[in-house]
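Chain and residue survey
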Amino acid sequence: MNVWNVENEEDITALERQLREPAAVLSQGGLVAFPTETVYGLGADATNESAVRGIFAAKSRPADNPLIVHIADVEMLPCVIANPAQLPAPARKAMNVFWPGPLTLILPANEQIAPSVRPGTDTVGVRMPDHAVARTLIRLAGCPVAAPSANKSGKPSPTTAGDVLEDMEGVIDGVVDGGSCDVGVESTVVAIEEEYAVIYRPGGVTKEQLEEALAIPVSLDPHLTSPTQAPKAPGMKYRHYAPNASVHVWWGEDGAVRRALATFCDAHNGESLAAIVPSGWADFVPGADPAWSAPPEIPYAVALSRELYRLLRHFDRAGARHVLIVGVPPHGMGAAVMNRLQKASEGRLYHV
Ligand code: TXA
Ligand code: MG
């Protein structure tokens, strides 16, 4: 399997030279994993049905779960969506403000997009990633690129090329190694109409940022606040993002969270525990090893989002039985990571 190393992203000529081969593999119907600002994607030509089916096979992904289509520039938009001239004004605004970036728009699909990209729907999710490697690769391939996260279905998303290899070695044509992903959780998936917008999956762009930029009401898919409702993004119904270890999350008042951690550590003394805590909190998880504490210089919610998937994979390799995590309030920057933790913990998420 190919690993294409990318060095010196700023030099566009060098970048094009390094990406020529994986781009050719993509345009010939192959499967290539590549970095984005959120997580690594597993790409295929979005107009090539048999290539797209290869993604589902490689991931063991349920066939009813649609894929996000990635574009290099707005010039590619007309081959992904139907009627680009009739875009709702707030959708156009969202593209101007948040692209390139971690925002996926659900829009009416162009017929050229392979049926397996959009099972059971005439819409398509489209986004322009904020990553020079991703956009140059797509531009050289010359086609829109369908790409879910490059993990086996149900496992934490990959944020390094090594994570991709762990799941996909020998199953895909190759991976472009562009280092680790900056955001660490996936894009926000949103449907935007003239008068309102609905978030299907919280992600790297917050509800508050959308409300401010679009000046229309932005609501959450009812599934996100009441899990008995069917989600509008089919992917949200699956047990997701889960490591082998049991994940336990506490958030709320500092003293109460610390007491809960101490009680858990006491009750599980001698078992293999791992932990993710804010800067300076390592003493509150006695016996946890490895215990990762966030760096002090960035907000804890940002550090937690960036490192969560990488740490969950690392703790699995270390054989952890329980992973203890200090959570954050579930709004603003915290909404996406707490949504992923809700799933990873299978409900063992406590507000104290
Ligand atoms: O940040 C990201 O979005 C990453 C990187 C690689 O771009 N991709 C990603 O893809 O997270 P994936 O397949 O793991 O998640 C796509 C989500 C799923 O929940 C899927 O159901 C939803 O988006 N989705 C895609 N197209 C849709 C559509 N037409 N209607 C409703 N939901 C859609
Ligand atoms: Mg995924």
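Within each chain, residue numbers correspond to sequence positions counted from 1 in written order. Think of it this way: whatever chain is written first is A, whatever ligand is written first is 1, and the rest follow in order. Residues qualify for local features only when their pLDDT is at least 70, as the model is predicted, and side-chain atom pairs are given and counted only at 80 or more; totals for whole chains, interfaces and linings, by contrast, use all residues. Note that the side-chain values use all heavy atoms of the structure and ignore hydrogens as well as water.

Moving on, we get to the overall build of the chain. Numbering of helices and strands runs from the N terminus, with a helix taken as a DSSP run of H or I at least four residues long and a strand as a DSSP run of E at least two residues long. Within the chain one finds 10 helices and 16 strands. Taking the principal axes of its C-alpha atoms as reference, the chain extends roughly 60 × 45 × 35 Å. Relative accessibility under 20% of the residue-type maximum defines a buried residue, over 50% an exposed one, and the middle range a partly exposed one, all with a 1.4 Å probe and only protein chains included. The proportion of buried residues among the 352 residues of the chain is 55%. In what follows, a contact means two residues having at least one pair of non-hydrogen atoms within 4.5 Å. In the chain, the share of contacts with a sequence separation of at least 24, taken over all contacts with a separation of at least 6, comes to 66%. Shrake-Rupley sampling with a 1.4 Å probe provides the accessible areas, and residues are treated as covered by the protein chains on show and by no other component. In the structure as shown, the chain presents an accessible area of about 14,400 Å², 49% of it carried by carbon and sulfur atoms. Distance between charge centroids for the chain: 4 Å, based on 28 positive and 40 negative side chains. We treat Lys and Arg as the positive residues and Asp and Glu as the negative residues; His and chain ends play no part in the count. Where a charge lies is defined by one atom per residue type: Lys uses NZ, Arg uses CZ, Asp uses CG and Glu uses CD.

This paragraph deals with the pairing of strand E15 (residues 322-326). Judged by how many residues are buried, E15 sits mostly within the fold: 5 of 5 residues are covered. Side-chain alternation along E15 places His322, Leu324 and Val326 on one buried face and Val323 and Ile325 on a second face that is also buried. Two strands qualify as a pair provided DSSP detects at least 2 bridges between them. Strand direction decides the pairing type here: strand E12 (residues 246-251) and E15, joined by 5 bridges, are parallel. In the sheet register, serine 246 faces E15, and the bridge partner there is histidine 322.

Right, let's talk about the site of ligand 1 for a bit. Throughout this document, a residue counts as near a molecule or strand when at least one of its heavy atoms sits within 4 Å of that molecule or strand. Taken together, the neighbourhood of ligand 1 is formed by 27 residues, with Thr38, Asn65, His70, Ser187 and Gly235 sitting nearest. Between threonine 38 and ligand 1, the recorded distance is 2.7 Å, taken from a side-chain N or O atom to an oxygen atom. Here a polar contact is recorded for every N or O atom pair within 3.5 Å, except that within protein the pair must consist of a potential hydrogen donor and a potential acceptor, and residues adjacent in sequence are included only if both atoms are side-chain atoms. Taking asparagine 65, its side chain carries an N or O atom lying 2.6 Å from an oxygen atom of ligand 1. Computed on the free molecule, ligand 1 has an accessible area of 690 Å², of which 97% lies beneath the protein chains in the complex.

Strand order in this open sheet of 11 strands is E1-E8-E2-E3-E7-E4-E6-E5-E9-E10-E11, and the pairing throughout is mixed. Lying at the two open borders of the sheet, with one neighbouring strand each, are strand E1 (2-5) and strand E11 (218-220). Axes, fitted as lines to C-alpha atoms, cover a helix only where it is in contact. Angles between the N-to-C directions of the axes lie from 0 to 180 degrees. Sheet contacts for helix H1 (residues 12-27): E1, strand E2 (32-34), strand E3 (41-45), strand E7 (145-146) and strand E8 (174-177); angle to E1, the most-contacted strand, approximately 140°. Sitting on the sheet, helix H6 (residues 207-214) is in contact with strand E5 (103-108), strand E9 (188-192), strand E10 (197-201) and E11, with an inclination near 155° to E11.

So, on to the pattern of salt bridges. Pairing between side chains of opposite charge can happen when the charged atoms of each approach one another. What makes a salt bridge here is a side-chain nitrogen of Lys or Arg within 4 Å of a carboxyl oxygen of Asp or Glu, nothing more. Across all of its chains, the model carries 13 salt bridges by this definition. Of the charged contacts, one joins glutamate 16 and arginine 139 as a salt bridge, the two residues approaching to 3.1 Å between their closest N and O atoms. Linking glutamate 16 in helix H1 with arginine 139 in helix H4 (residues 132-141), this pair joins segments that are 123 residues apart in sequence. Close ionic contact of glutamate 37 with arginine 127 constitutes a salt bridge, the shortest N to O distance being 2.9 Å. Remark: arginine 127 occurs in strand E6 (residues 123-127) and glutamate 37 occurs in the loop between E2 and E3; sequence separation between them is 90 residues. Classification of arginine 127 as buried rests on a relative accessible area of 3%. Each member of the salt-bridge network shares a partner with another, and the members are Lys155, Glu166, Asp167, Arg313 and Arg317.

This next bit is on the side chain of aspartate 316. Checked against the element boundaries, aspartate 316 lands in helix H9 (residues 300-317). Buried and unpaired, aspartate 316 has lysine 155 as its nearest opposite-charge partner, separated by 5.4 Å. A distance of 3.2 Å separates a polar atom in the side chain of aspartate 316 from the backbone nitrogen of alanine 245.

With that out of the way, let us pick up helix H10 (residues 334-344). Burial within H10 is extensive, with 9 of its 11 residues counted as buried. Taken residue by residue, H10 has Gly334, Ala336, Val337, Met338, Asn339, Arg340, Leu341, Lys343 and Ala344 as its buried positions. In this structure, the buried residues of H10 make contact with E10, helix H7 (222-225), E12, H9, E15 and strand E16 (349-351). Glutamate 346 occupies a position one or two residues after H10 and carries a positive phi of about 50°.

Attention shifts here to the side chain of threonine 188. Mapped onto the secondary structure, threonine 188 falls in strand E9. A residue is classified by how much of its surface remains accessible, and threonine 188, at 0% relative accessible area, is buried. A distance of 2.6 Å separates a polar atom in the side chain of threonine 188 from the backbone oxygen of valine 205. With residues up to four places along the chain from it excluded, the contact list for threonine 188 reads Pro102, Leu103, Thr104, Ile199, Arg201, Pro202, Gly203, Gly204, Val205 and Leu210.

The split of the chain into domains comes from an automatic or database domain assignment. Domains assigned within the chain are domain 1 (2-177) and domain 2 (246-351). The C-alpha centroid of domain 2 is placed 31 Å from the C-alpha centroid of domain 1. With 10 residues of domain 1 at the interface, the matching set in domain 2 holds 5 residues. Buried area: the sum, over both parts, of the accessible surface (1.4 Å probe) that disappears when the two are put together. Together domain 1 and domain 2 conceal approximately 680 Å² of surface at their shared face, both sides included; 49% is due to carbon and sulfur atoms.

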